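Read off the chains here:
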Amino acid sequence: MNTPLLRVRDLCVDFGANPAIRGVNFDLTAGETVGLVGESGSGKSTLARAILRLLQPVRGGVEFLGMDLLRCSGAALRAHRRDLQIVFQDPLASLNPRMTVGEAIGEPLEIFEPGLTAGDRLRQVSAMLERVGLGASMAGRYPHEFSGGQCQRVGIARAMILSPKLLICDEVVSSLDVSIQGQIVNLLLDLQREAAMAVLFISHNLAVVRQLSHRVMVIYLGKLVEIALCDALFATPKHPYTRALLAAVPQLPSVTAPAAPTMPAAPTMPAAPTMPAAPTMLSVPAPPSVPALPAEPIQPARLMASGCAYRDRCPYVLPICETNDPPLIEVGAGHWVACHRSQETLIPLSFAP
Amino acid sequence: MGAFADEAARRLKSNPAAVAALSVTCAIIVLTLIGPWISPNDVQTLDWLHIAAPPGRSAHWFGTDRLGRDLFVRTLAGTRVSLAIGLAASVVSLLVGVTYGAIAGYIGGRTDHLMMRLIEILSGLPLIFFVIFLTVIFGRSEYLLFFAIGAVGWLTMARIVRGQTLSIRQKEFIEAAIASGASTGRIILRHVVPNVIGPVIVYATLTVPQIILLESFLSFLGLGIQEPGASLGTLIAEGAAEMEAAPWILLVPGSFLALLLLCLNIFGDGLRDALDVKDG
Amino acid sequence: MIPTLSTHELSIRFSHRAGTIQAVDGVSLKIAPAECVGIVGESGSGKTQVFMAAMGLLAGNAKASGSVRFEGSELLGAEPSMLNRVRGSKITMIFQDPMTSLTPHLKIGTQLAEVMVSHLGMPWGDARASAGRMLDRVQVPEPKRRLNQYPHELSGGMRQRVMIAMSLLCEPSLVIADEPTTALDVTVQEQIIELLRAVRGEFGMALALISHDLAVVAGLADRILVMYAGRVVEDASAQELFRRPRHPYTAELLKCIPSISGPRPLRLPTLAGQPPRPGEMLEACPFTPRCSRAADRCRIERPQLMGAAASQVACHFPLSS
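Residues numbered from 1 in each chain as written. Chains lettered and ligands numbered in written order. Predicted model: local features only at pLDDT ≥ 70, side-chain atom pairs only at ≥ 80, totals over all residues.

**A short note on the overall build of chain A**
A tally of regular secondary structure across chain A gives 11 helices and 12 strands. For chain A, buried positions account for 47% of its 353 residues. Taking all contacts inside chain A whose residues are at least 6 apart in sequence as the whole, residues at least 24 apart take part in 65%. (Helix = DSSP H or I, 4+ residues; strand = E, 2+ residues; numbered from the N terminus. Buried ≥ 20, exposed ≤ 12 C-beta atoms within 10 Å, placed from the backbone. Contact = placed C-beta atoms within 7 Å.)

**Digging into the overall build of chain B**
Helix and strand counts for chain B come out as 10 helices and zero strands. Secondary structure elements in chain B, listed N-terminal to C-terminal, are α-α-α-α-α-α-α-α-α-α. Taking the principal axes of the C-alpha coordinates as reference, chain B spans close to 75 × 50 × 30 Å. A burial count over chain B gives 41% of its 280 residues as buried. Taking the intrachain contacts of chain B between residues at least 6 apart in sequence as the baseline, contacts between residues at least 24 apart amount to 69%.

**Examining the pairing of strand S3 (residues 33–37) of chain A**
Residues and elements named next belong to chain A. Burial analysis of S3 places five of its five residues in the buried class, which makes it a mostly covered element. For S3 and strand S8 (residues 198–203), the ladder comprises five bridges, and the chain directions are parallel. Its bridge partner lying in S8, glycine 35 is registered against phenylalanine 201. (Pairing = 2+ DSSP bridges.)

**Quick notes on the nonpolar core**
By size, the foremost hydrophobic cluster in this structure holds 263 residues, and its most contacted members are Leu224 of chain A together with Ala165, Ala208, Leu209 and Val233 of chain C. Not counting residues within four places of it along the chain, the set of residues in contact with leucine 224 of chain A comprises Val24, Phe26, Met217, Val218, Ile219, Leu328 and Ala338 of chain A. (Core = buried A, V, L, I, M, F, W, Y, C linked by C-beta atoms within 7 Å.)

**Observations concerning the sheet that holds strand S6 (residues 84–87) of chain A**
The strands making up a sheet are joined through hydrogen bonds of the backbone, oriented either antiparallel or parallel. Residue and element names in this part refer to chain A. The mixed open sheet is built from eight strands, whose spatial order is S6-S7-S8-S3-S9-S10-S12-S11. Looking along the sheet, the strands with just one partner apiece sit at the ends: S6 and strand S11 (329–332). Within this sheet the neighbouring strands show an average axis-to-axis angle of 25°, counted without direction. Bridging between S11 and strand S12 (residues 335–337) involves three bridges; their strand directions are antiparallel. The partner of isoleucine 329 across the bridge, within S12, is valine 337. (Axes fitted to C-alpha atoms, helices over the stretch in contact; angles between N-to-C directions.)

**Section: helix H5 (residues 124–137) of chain C**
All names here are of chain C. Taking 1.5 Å of rise per residue, 14 residues should cover 20 Å, and H5 covers 20 Å from first to last C-alpha, within 8% of that figure. Taken together, the buried positions of H5 are occupied by Ala127, Ala131, Gly132, Met134 and Leu135. One side of H5 holds all its buried residues, which, seen down the axis, span an arc of 165°. Exposed side chains of H5 directed beyond 90 degrees from the buried face belong to Gly125 and Arg133. Just downstream of H5, glutamine 139 is the residue with a positive phi angle, here 65°. (Expected span 1.5 Å × (residues − 1). Arc of directions from axis to C-beta.)

**Brief notes about the pairing of strand S9 (residues 223–228) of chain C**
All names here are of chain C. Of all the six residues making up S9, six are buried; the element is thus mostly covered by neighbouring parts of the structure. Both faces of S9 are covered, namely the face carrying Arg223, Leu225 and Met227 and the face carrying Ile224, Val226 and Tyr228. Of the pairings in the sheet, the one linking strand S3 (residues 36–41) to S9 comprises five bridges and is parallel in character. In the strand pairing of S9, isoleucine 39 is matched with leucine 225. With six bridges joining them, S9 and strand S10 (residues 231–237) adopt antiparallel strand pairing. Its bridge partner being in S10, valine 226 is matched across the sheet by glutamate 234. In sequence, S9 turns back onto S10 through a hairpin of two residues, with alanine 229 there showing a positive phi of about 50°.

**So, the interface of chain B and chain A**
Across the boundary between the two partners, chain B contributes 17 residues, which contact 20 residues of chain A. For the side of chain B that touches chain A, the secondary structure elements donating two or more residues are helix H7 (172–179) and helix H8 (184–220) of chain B. A breakdown of the residues in the side of chain B that touches chain A according to their chemical character gives eight nonpolar, six polar and three charged. (Nonpolar A, V, L, I, M, F, W, Y, C, P; charged D, E, K, R; others polar.)

**Things to note about the sheet that holds strand S4 (residues 62–70) of chain C**
Residue and element names in this part refer to chain C. The antiparallel open sheet is built from four strands, whose spatial order is S2-S1-S4-S5. At either margin of the open sheet sits one strand with a lone partner, and together these are strand S2 (19–31) and strand S5 (73–74). As defined by bridge partners, S4 adjoins S5 across two bridges and the pair is classed as antiparallel. When the bridges of S5 are listed, arginine 69 appears paired with glutamate 74. The strands that helix H1 (residues 47–54) touches are strand S1 (5–16), S2 and S4; relative to S1, the one it contacts most, it runs at about 105°.

Below you can see the structure in the form of C-alpha cells.
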C-alpha cells in the first residue's frame, strides 16, 4: 500500500476550554481494519466526528484520498462523503423514525446517483438488504419495528450501499446482546473482505476489537498512546495504560478447547506470531498486580499543563513525566508507544495470557 | 408516515369526544354548504312582514333580524365566511410558520437570532391598533382582515416549529444524514419537517378556532367584513344591539360560533392525544 | 436454614393497550444467607423484573403472581409500611446508572444520612458521621469533602461507590446489584468488582448480581442462574456452569463471548436469530428457534428445572455431563 487512504495530522478538537483531542497522528491504508480502543472521555467518538467534519472547531489536517477534508468547501466535502461513511452506536436513534428502512438505505443513492430510476434504486436497496441478512421484503418497514441488531444491519446497509472506501464504526456492537454481537462482527468481517474496504473500528470492548483488527490504536484523554499490530498489542503491550486496560478486562474461566479454525495470516496482514493455546483454567485468574490507582482521570487544568496525561495513574511514573509529554516513537516493527520508559523492560504484569 | 397515520387514526377513533366533535363540525360545514338550498329563504331578502320575528313561528326557522332577513340563512352564510377565512388563514400561517421555524431552528446561530428577533417584534405589535391604522389608510375590506390575521397568525407556529427543530437537530439520525452527504435543504425537508409534523398538525387545528375568533372579534368591532356581507362576528354585533328586545338575533349566531369553537378545540385536543404517544 | 430470598413460580405480566406481555414466567429461585448469586441474561430475559418485584418497584401496569419471600416473609402484596421497613435497610439495591439513581439536587452526605435517619432513627449528626465512615470503607478518597458534594461533581466510578455505601448503611441481609458495572469503564469496573468482593467478605451479606456479562459475574458469584425469555434455564454453581454448561443456550453463549487471549477464530461463533421480543408468542421451550438440539418435544412440552442441587437445567435434551 503506497499512499495512505487517510492521513490524520496533529488533529486537535476543543470543547470550550476542554481539549478533547490533543494532537492525533495516524495513517490508514486501503483495505485494513484499524481498531481504536479507549474508555469514556478518551475522545474516540470525537475523533470519528472530527474526521468526518461533523464537529467544529477542529485544527490540524485530515487528508482523505489526497483531499484536505477540513479546509475544502462544503460541496467538495459532500462529494467525498460517498467514500467515507459511518455507522453509529445507537442503531435506532441513527435512523429517521419517519422513513422506511428502504428509504433510509436508498437515500445515499438519491443524493449521489440522481440519475438512477426508482426501480434501479429499489433493486440496489433490495440487494443490500439481502446482503446484510434482512431480506428485501423488509424495505417497507419502519425502524421501530426492528430489534437493535436488525437496526444496526440497516445502518450498515445504508453506509455500505455506495461501496465506501473507508467505513467508521463507532461502538456499533456496544448496545447489542452478546449473542447478536457476533452476527454483526461477522457481517462486518465478510463485507470488509469482499469490498477490500478500510475500517476504523472504535470500541471500548477490547475482545471485539481484537477479533476484527489488523492494527490497534489505544487512545487516552485525546492522545494516541500506543499503536501496534493486533497480535503484538495484545501479547506485548508496552504502554502502562494499555497494560492496565488489558489487565482490567474480566476473564471467563474457560476450559473448552476452541474447535474453530484459527485466523491464518491474511495477505494484507503482516505475519503475526500465533498465540500459544490457552491453558485449561478453572479458576478465575488472580487479580492483576496493578496497584489500586485513583479511578479519576486527570483534571483538565492539569491536562493543559505539560506532561504525560497518564502520570496521575501510572505505576511507573518518573519526574520527567511531569514535565514532558512523551511523543509516539517506534519501538518495534509498526509498534509505536508514547511513554518515556518504552525502551525499558518494565516489570511484567500478571494478567492472563 | 403510513404506519403513524394509521396508529394515530386508530387512537383518534377510540376517543368518543373527538369523534363527536369532528362529526358536529362536519355537520355544520355540510349545513353551511347546502343550507341555501334547503331553506326557502334568501340571505338578502327583506321580509317586511316578519321584522324581528322570533324563531319557530313562521317560515323563518331561526327567526329574522331587525331588517327582516332570515337568520338561519344569514347565520349559515356567516359561518361559511368565518370558516373560509379561518381555514385559509390557518393554511397560510402553517406554510409560512413551518418554513420559517424549520429554517431558523436548523441553521441556528446568527440567522436564527435575527429571525427570532423579527418574530418578537411582530409579536409585540398591538393588533387592534395595527388593524385600525390599516383601515384608516386602506379603508375597510375583507382583504385587510386577511392581511392582518396573516401577519400574526404564523408567529406562534414558527416558534413551535423552531423549538421542535432545535430538539430534533441534536438527534443522531440528523448527524447520520449529514454524514451521508445530504444537503441542508434536503435535511430540513426530508428529516426535520416530517418529524415535527405532529405538534404542527395539532397546533394547526387549534389555530383555526383562534383565527375564527379573531376574525369575529375584528368584524364585531366593525373592522372587517362589511354589510351586506356577513360573518359570525358581524352577526353577533348586530345581535348585541338588539339583545334586550330580540335575543335570538344574538343567540343564534352566538351559539353557532360557540359550538364551532368548542368542537374544533375538542377535536384538536383529541388529535394531540392521538399523535402524542411515542411521537418519533 | 431459611433462604434470604426465595421466589416460587413468580410470574410478571405487563398490560399494554396492545395486549399483555409476559416478562417473567414461573421463576423459582433461592438465595441463601451470605451467598452470591449471579443472574445472567440478555434482553428480554426478565432478570431485572424479578428483583424489581422483590423490591416492590414494579411499574404500575405490572401484575405479579406467585410468591417472593424475604427471610420467610411474603413481599408480594405486602403492606407498604412493611415494605418500607425492609426496603433500603434489609434489602437494598444498586442500580446501573448511579447518575439517575442519586438525587441530583441533594448533597451526598444528606442522601446517605437520610437513610440512617429514616430507617434507624439516628440523629442527623451521628448519621453524617457514619456516612463519612462508610465512604471511607468503600475507598472513596477524602470522604469528608465528598459528603458536601453533589452527585454531578463525582465521576461515574465514585458515584457507584457512593451507591454501594448507601446500600450498606443499615447492614442489609441482601444487596441486589443490577448491572452495577455496565455503565462504567473497564478499569473502573475492575475496581468496583474488587470492592464488591471486599464488601462481601467484610459484611457477609447475600448478593444478587444481575448482569449480561458472564465474565463480570464469574469473578464474584458462588452460583449462577441463566435466564432466557423470562425463565430460568440453568441454575448451577459457578464452577459447574463454566466447566460443564448443560443448557444449549448457556453453552452457546459461552462460546460467543470473544476473548482477549487465546487463538483468534476466523469468525466469531454466534447464535443465529435473536432473543425473543417481549410479547412474542413462544414455543413451549422459548429457545427452540435458535437451538441446534431442538426436537418436536421442545415445541409442545415446557421443560422444567431439574437436576442435582449443584446443577439444574430446564431442557429436554441437556448437554451431557
